[in-house]
Amino acid sequence: MTDPVNDGYDVVVRIGSLADSSLMTRRLASCPFMLCASSDYIERCGLPEAPEDLARHDVLAYSGNSASHEWRYKDAAGQVGRVSLGGSLRSDSGDMLCRAAVEGVGIAILPVFYVAEHLRAGRLQHLLPDHLTWPERDIHVLFRPNRYQPARLRLFVDHLVRTASDFPWERG
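Residues numbered from 1 in each chain as written. Predicted model: local features only at pLDDT ≥ 70, side-chain atom pairs only at ≥ 80, totals over all residues. Heavy atoms only, no water.

Draft legend 1. Structural detail: the pattern of salt bridges. Enumeration over the complete set of coordinates arrives at nine salt bridges. Of the charged contacts, one joins R27 and D138 as a salt bridge, the two residues approaching to 3.5 Å between their closest N and O atoms. Taken together, the residues span a long stretch of sequence, with R27 in strand β2 (residues 24-30) and D138 in strand β11 (residues 138-143) at a distance of 111 residues. Taking the relative accessible area as the measure of exposure, R27 reaches 41% and is therefore partly exposed. R72 is the partner of E70 in a salt bridge, and the nearest nitrogen-oxygen pair spans 2.8 Å. Linked by salt bridges that have partners in common, E70, R72 and R82 make up one network. (Salt bridge = Lys/Arg side-chain N within 4 Å of Asp/Glu carboxyl O. Helix = DSSP H or I, 4+ residues; strand = E, 2+ residues; numbered from the N terminus. Buried < 20%, exposed > 50% of the residue type's maximum accessible area, 1.4 Å probe, protein only.)

Now the structure itself:
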């Protein structure tokens, strides 16, 4: 985690919940996480039909998360739950976890921007679409509060906001 004030950055883009701070923020977009796997993996290991089924699957783990390897979700009725996960591969790279899912190594739980192209191309299948990762996450831009911000900073942040509104998952 980078602190724009102490680390000398003008702008930081962050995914997830934001701690209270003196920084200014603008929401850019939602950042849905998706469960997905290749057809090859599903053929070999079966299709999970409920969150509890994931406990019997090889779920690829993001090692940058200090929490235990579990999935928290909200179903279509708004009920919140969690399931403990097992997996043979841990990585701090979303690109690597996505590639592993495409190659049939296991089930990935990744932000939509990693998997959208593979879902469209049929290399990955969206699993448990009626269950959303909980809590939901957003993408924010953070910057130092300053009444006299340089015009280039304001223009850049405005550009990010406009660009994010064109993300495919934001258009609906």
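Draft legend 2. Structural detail: the sheet that holds strand β8 (residues 108-111). Here we have three strands laid out as an open sheet, ordered β8-β3-β9, and antiparallel in their pairing. Two strands lie at the open edges of the sheet, namely β8 and β9 (125-127), each paired on one side alone. Across the sheet, the mean angle separating the axes of adjacent strands is 50° when strand polarity is ignored. Where strand β3 (residues 33-37) lies against β8, four bridges are found, and the strand directions are antiparallel. When the sheet's bridge partners are listed, L35 is paired in β8 with I109. Along the sheet, helix α3 (residues 94-102) contacts β3 and β8; its crossing angle with β8, the most-contacted strand, is approximately 135°. Here helix α4 (residues 112-121) sits on the sheet in contact with β3, β8 and β9, set at roughly 110° to β8. (Pairing = 2+ DSSP bridges. Axes fitted to C-alpha atoms, helices over the stretch in contact; angles between N-to-C directions. Contact = heavy atoms within 4.5 Å.)

Draft legend 3. Spatial organisation of the packing of α3 against α4. Across the interface, α3 lies against α4 with an axial gap of 10 Å and an inter-helix angle of 25°. On the basis of the axis angle, α3 is roughly parallel to α4. Like other packed secondary-structure pairs, α3 and α4 cross with a definite hand, here right-handed. Facing α3, whose interface residues are G94, D95, C98, R99 and V102, α4 presents Y114, V115 and H118. Grouping the amino acids of the contact of α3 with α4 by side-chain chemistry returns four nonpolar, two polar and two charged. (Parallel < 35°, antiparallel > 145°, perpendicular 65-115°, else oblique. Left-handed = near helix turned anticlockwise from the far one by under 90°. Nonpolar A, V, L, I, M, F, W, Y, C, P; charged D, E, K, R; others polar.)

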